[in-house]
Amino acid sequence: MRRRIYIKGMKGNPIGIFDSGSGGLTVLDTCRRLLPDENFVYVSDFRTGGWGNLSERQIGERAESCVKKLLEYDCKAIVAACNTATEVAISQLRSGFPVPFVGVEPALRPALKAYPDGKILVLCTPATARQQKFRALLRDAGSARVEVRPLPKLAARIESNLDKLDTLRDDAERSMDGADADAVVLGCTHYVFIRYMFEQLAGGAEHVFDGNDGVARRLQSILHEQGIAAPAGKMGQVIFDTI
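A brief structural summary. (Residues numbered from 1 in each chain as written. Predicted model: local features only at pLDDT ≥ 70, side-chain atom pairs only at ≥ 80, totals over all residues. Heavy atoms only, no water.)

Some details on the overall build of the protein
Thinking step 1. A count of helical and extended segments in the protein gives 10 helices and 9 strands.
Thinking step 2. Its C-alpha atoms give the protein a radius of gyration of 18 Å, near enough to 18 Å, the size a compact globule of 243 residues would have.
Thinking step 3. Counting only C-alpha atoms and orienting by the principal axes, one finds that the protein spans roughly 55 × 35 × 35 Å.
Thinking step 4. By the burial criterion, 56% of the 243 residues in the protein qualify as buried. (Helix = DSSP H or I, 4+ residues; strand = E, 2+ residues; numbered from the N terminus. Rg over C-alpha atoms; globule rule 2.2 N^0.38 Å. Buried < 20%, exposed > 50% of the residue type's maximum accessible area, 1.4 Å probe, protein only.)

In structure tokens, the structure reads:
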């Protein structure tokens, strides 16, 4: 029988987080720092390669499989810790399952606020780049110049080199080659693993943006709005599973 971390009532139930692989671990880390009393269940797809090059139907099916697995743990809220899954499937998930969802999207708005007249480079997966929700974000660019670079291989490269990330320096450099950007938006949670490289290449942390902090704050807000935040005083647990 599956071990659960249900404590007593909805407040003690875990928060579910899912991703195509390990990228969502960067979101989990941010959420745990902001919400140390919460229990978490992290579910990933055991197949390698990520979801960024899959069809919308395939992405939706895999996201639904992750959610069904998380609901076996009685999760009280679920985080889609994947830009691709959020862009493609978050509406489908919200209409299909009776729990609150939090998604992650490329942090274009914070980058535009910091550099309203600058050049913004958005790095993302091909699936994210072609979604209407993402294109709607681009329409809010105002006078900024936004360049979108879909990267078909970078997420998979990171996933397969988690134990030797420093070897990906050339990959990071190629991702930004010739951009000369004021800000770099990391539109995939996998890319956050090598954020330090992008910061070095872009000229400092203030030039690099990702959506993880916004996800954690939104999750915190939902938990308090719905009265389901865990009681303070006990460090939460984490369970890992796969589909």
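Here the narrative resumes, following the displayed structure.
Focus on the sheet that holds strand β2 (residues 40-44)
Thinking step 1. One open sheet accounts for 5 strands, arranged β4-β3-β1-β2-β9; its pairing is parallel. One side of each edge strand has no neighbouring strand; the edge strands of this open sheet are β4 (101-103) and β9 (238-242). Pairwise comparison of adjacent strand axes, ignoring direction, gives a mean angle of 20 degrees for this sheet.
Thinking step 2. Pairing between strand β1 (residues 15-19) and β2: 5 bridges, direction parallel. The residue bridging Phe18 from the neighbouring strand is Val43, located in β2.
Thinking step 3. The sheet contacts of helix α3 (residues 83-96) involve β1, β3 (77-80) and β4, and relative to β4 the element is tilted by about 165 degrees. (Pairing = 2+ DSSP bridges. Axes fitted to C-alpha atoms, helices over the stretch in contact; angles between N-to-C directions. Contact = heavy atoms within 4.5 Å.)

Remarks on the side chain of Asn212
Thinking step 1. Mapped onto the elements of the fold, Asn212 is located in helix α10 (residues 212-225).
Thinking step 2. Setting aside residues up to four positions removed in sequence, Asn212 forms contacts with Thr26, Val27, Thr30, Thr189 and Val192.

Concerning unusual backbone geometry
Thinking step 1. Phi is positive for Asp74, close to 60 degrees, though the residue is something other than glycine.
Thinking step 2. Residue placement: Asp74 occurs in the loop between α2 (56-71) and β3.
Thinking step 3. A residue is classified by how much of its surface remains accessible, and Asp74, at 29% relative accessible area, is partly exposed.
Thinking step 4. In this structure, Asp180 takes a positive phi of about 50 degrees despite not being glycine.
Thinking step 5. With respect to the secondary-structure elements, Asp180 resides in the loop between α8 (169-176) and β7 (183-187).

Remarks on the packing of helix α1 (residues 24-34) against α10
Packed helix pairs are specified by the crossing angle of their axes together with the interaxial distance, meaning the distance between the axes.
Thinking step 1. Between α1 and α10, whose axes approach to 9 Å, the crossing angle comes to 50 degrees. It follows from the interaxial angle that α1 and α10 lie oblique. Where α1 crosses over α10, the handedness of that crossing is right-handed. Packed against α1, whose contacting residues are Thr26, Val27, Thr30, Cys31 and Leu34, the element α10 presents Asn212, Asp213, Val215, Ala216, Arg217, Leu219 and Gln220 at the interface.
Thinking step 2. Partitioned by chemical class, the residues of the contact of α1 with α10 number 6 nonpolar, 4 polar and 2 charged. (Parallel < 35°, antiparallel > 145°, perpendicular 65-115°, else oblique. Left-handed = near helix turned anticlockwise from the far one by under 90°. Nonpolar A, V, L, I, M, F, W, Y, C, P; charged D, E, K, R; others polar.)

Notes on helix α9 (residues 195-202)
Thinking step 1. Within α9, burial applies to Arg195, Met197, Phe198 and Ala202. Take α9 and look down its axis: the buried residues cluster within an arc of 155 degrees, on one side only.
Thinking step 2. Its buried side turned inward, α9 meets β5 (119-124), α7 (154-159), α8, β7 and β8 (208-209).
Thinking step 3. Positive backbone phi, approximately 105 degrees, marks Gly203, located one or two places after α9. (Arc of directions from axis to C-beta.)

Brief notes about the sheet that holds β7
Thinking step 1. Pairing is parallel across the open sheet formed by 4 strands, whose spatial order is β6-β5-β7-β8. The open sheet has two free edges, formed respectively by β6 (145-150) and β8, since each of these has just one partner strand.
Thinking step 2. Sheet topology places β5 next to β6; 6 bridges connect them, and they run parallel. Bridge pairing in β6 places Leu121 opposite Glu147.

Some words on the nonpolar core
Thinking step 1. Phe18, Trp51, Ile78, Leu93 and Phe101 are the most contacted members of the largest nonpolar core, which totals 26 residues.
Thinking step 2. If you list the elements that add at least two residues to this core, you get β2, α2, β3 and α3.
Thinking step 3. Those residues in contact with Ile78 that lie beyond four places of it in its chain are Gly16, Phe18, Val67, Leu70, Leu71, Val99, Pro100, Phe101 and Val102.
Thinking step 4. Grouped together as the second largest cluster of nonpolar side chains are 21 residues, Ala155, Val184, Tyr191 and Met197 included. (Core = buried A, V, L, I, M, F, W, Y, C linked by side-chain atoms within 4.5 Å.)

Limitation: the analysis is restricted to geometry and does not speak to function.
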